[in-house]
Amino acid sequence: SRRSWELARSLLVLSLCASPALLARHEQLLHLARKLLGQRLFNTLMKMTFYGQFVAGEDQESIRPLIQHNRAFGVGSILDYGVEEDLTPEEAERTEMESCSSALERDGCGVSKREKQFQAHRAFGDRRDGVTSARTYFYASEAKCDSHMETFLHCIEASGGASEDGFSAIKLTALGRPQFLLQFSDVLTKWRRFFHHVAAEQGKAGLAAVDTKLEVAALQESVVKMGIASRAEIEDWFTAETLGVSGTLDLLDWCSLIDSRTELSRHLVVPNMQTGRLEPLLSQFTEEEERQMTRMLQRMDVLAKKANQVGVRLMVDAEQTYFQPAISRLTLEMQRRFNVERPLIFNTFQCYLRDAYDNVILDVELARREGWCFGAKLVRGAYMAQERARALEVGYEDPINPTYEATSAVYHRCLDYVLEELKHNARAAVMVASHNEDTVRFTLRRMEELGLHPADRQVYFGQLLGMCDQISFPLGQAGFPVYKYVPYGPVMEVLPYLSRRALENSGVMKGAQRERQLLWQELKRRLCTRSLFHQPA
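All values reported here derive from a predicted model rather than from experimental measurement.

Cut-offs applied
Residues numbered from 1 in each chain as written. Predicted model: local features only at pLDDT ≥ 70, side-chain atom pairs only at ≥ 80, totals over all residues. Heavy atoms only, no water. Pairing = 2+ DSSP bridges. Helix = DSSP H or I, 4+ residues; strand = E, 2+ residues; numbered from the N terminus. Axes fitted to C-alpha atoms, helices over the stretch in contact; angles between N-to-C directions. Contact = heavy atoms within 4.5 Å. Expected span 1.5 Å × (residues − 1). Buried < 20%, exposed > 50% of the residue type's maximum accessible area, 1.4 Å probe, protein only. pLDDT = per-residue confidence, 0-100. Parallel < 35°, antiparallel > 145°, perpendicular 65-115°, else oblique. Nonpolar A, V, L, I, M, F, W, Y, C, P; charged D, E, K, R; others polar.

### Looking at the sheet that holds strand E11 (residues 459–464)
Pairing between the strands of a sheet is mediated by backbone hydrogen bonds and can be parallel or antiparallel.
Line of reasoning, step 1. The eight strands lie next to each other as E1-E12-E11-E10-E9-E8-E7-E2, forming an open sheet whose pairing is parallel. Across the chains shown, the open sheet's two edge strands, defined by having one partner strand only, are strand E1 (75–81) and strand E2 (167–170). Direction aside, neighbouring strands of the sheet carry axes that sit 30 degrees apart on average.
Line of reasoning, step 2. The sheet contact formed by strand E7 (residues 313–316) and strand E8 (residues 345–350) spans three bridges and is parallel. Bridge pairing links Met315 to Phe346 in E8.
Line of reasoning, step 3. The strands touched by helix H15 (residues 324–338) are E7, E8 and strand E9 (375–379); relative to E8, the strand with the most contacts, the crossing angle is about 155 degrees.

Below you can see the structure in the form of structure tokens.
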């Protein structure tokens, strides 16, 4: 039967993924198989094995049977066009260095004043290196970004047609020049660090981010003494209209000062902690860079409007830490505009980051304060090895939690905080994107304790196609909203995606004997049942 074949394929593929010897040479083996078999037989072999396990089909038409099959078991689909450019490491490195530097830096006329974390580094130019569970986009041209936007639009439209409760996912590095994300992230990080520097001067170091409040009067004195602005200018910044009448401001108030909605953002400077000199907070862009930045924001706007039009929730994927402050801030701007009646835009929080919990509670508090609907996807994170190596090599603090156990603890802490918010706020929602059975059990237990019901559709679960079906399908059949990321695309064009899935499963399957045992038990049960019914009389 079809199910028996699927079980046998899953058992074979996941067992192969647990073999270090095979995985170490998987690219050479794929190349050899293609050479020996020819393209047609190679495609057939892939569809019977790895492609059939992790990819739904070649186009939106061919994936419909799988989507309908999953839906029959209560499992929704998040469509993901899995085609990736197969760049060599050298091509990826060259492209990254060009697209992450400003025109002045490339011409040698200016030295980057960004902190080294937010500068491009040739040794880490190929952002695919060490990353197994996330797709990487490299900037080629504005036309290529438009093409990526069209692909996302097709996925949003298809998700809207596939169900009344659809999701789609986008990556901001696909929509524009990454230089802008680096520069904006640098600005946001410096401004936030300046807040904590002033807080320490006021004797408030070590408090949780959401509990740290600066005395405005003392802050004004500090800023005037630093020579950042005159007393009259400072008083215009901190008005009752912007800050209320408490006489203090917290990190959310502080960050609003460099909001795109405030004119003073163009005049802000911060002290360089190494030199003690005041430096402009915002870098100057050339006219072409300004246009590229504007087009990136316009593409985001087009996607959000389409998602709103067809009733699909849009999840903005998290990326590397040197891009993430900008990605989160731009996502926040979309949430302010589109999460008015329901959580349409979901930000992604990487719980392997040391500051993940602070980021979650700050966003929840901002949503409460401004009256829009909080929406989040919680993940452990996809870039750990790369982030650690980059921090060590370039020379900045490792942003990652020290152990997997610490990351799991942060994930559960963030999730618990969000679930508590959901209990009191019916308009908030969370996607628990995890293959970890302990995390799923934790979520189900806390939902029961807090009185959060599956039918309320505030808590969603997400896993990748071909992985952890023993989690997804029981959840779906029990009435919980659960989704599979469903990649599709031609065989040869999704080979980079398949390579990552195989590598990711190597890590997962080494410690996940149980999934293979369950598959083997179900396959044996089916084979035994068939043999009983086919015994001669």
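### Here we look at H15
Line of reasoning, step 1. Counted at 1.5 Å a residue, the expected span for H15 with its 15 residues is 21 Å, and the 20 Å between its end C-alpha atoms agrees.
Line of reasoning, step 2. Regarding H15, the residues found buried are Gln324, Ala326, Ile327, Arg329, Leu330, Thr331, Leu332, Met334, Gln335, Arg336 and Phe338.

### Quick look at unusual backbone geometry
Line of reasoning, step 1. Backbone geometry places Arg457, a non-glycine residue, at a positive phi of 50 degrees.
Line of reasoning, step 2. With respect to the element layout, Arg457 can be found in the loop between helix H19 (437–450) and E11.
Line of reasoning, step 3. Even without glycine at this site, Cys468 takes up a positive phi of about 55 degrees.
Line of reasoning, step 4. With respect to the element layout, Cys468 can be found in the loop between E11 and helix H20 (469–477).

### Section: the confidence of the model for the chain
Line of reasoning, step 1. For the chain, the mean per-residue pLDDT works out to 82, and 80% of the residues sit at or above 70.
Line of reasoning, step 2. Predicted confidence for residues 260–264 stays below pLDDT 50, and this span has six contacts to residues more than four positions away or in other chains.
Line of reasoning, step 3. The model gives residues 530–537 a pLDDT under 50, and that stretch makes one contact with residues more than four places away or in other chains.

### So, the packing of helix H9 (residues 178–201) against helix H14 (residues 287–310)
Line of reasoning, step 1. Remark: H9 packs on H14, axes separated minimally by 9 Å, with the N-to-C direction vectors making an angle of 90 degrees. Relative to H14, the element H9 is oriented roughly perpendicular. Across from Gln179, Phe180 and Leu181 in H9, the residues of H14 making contact are Glu289, Met293, Met296 and Leu297.
Line of reasoning, step 2. In the contact of H9 with H14, the residues fall into five nonpolar, one polar and one charged.

### Notes on the environment of Leu314
Line of reasoning, step 1. Looking at where Leu314 falls in the secondary structure, it is placed in strand E7.
Line of reasoning, step 2. With a relative accessible area of 0%, Leu314 lands in the buried category.
Line of reasoning, step 3. For the pair Leu314 and Gly375, spaced 61 residues apart in the sequence, the C-alpha separation amounts to 9.7 Å.
Line of reasoning, step 4. If we skip the residues at most four places from it in the chain, Leu314 touches Ile156, Ser168, Ile170, Leu303, Ala304, Ala307, Leu344, Ile345 and Phe346.

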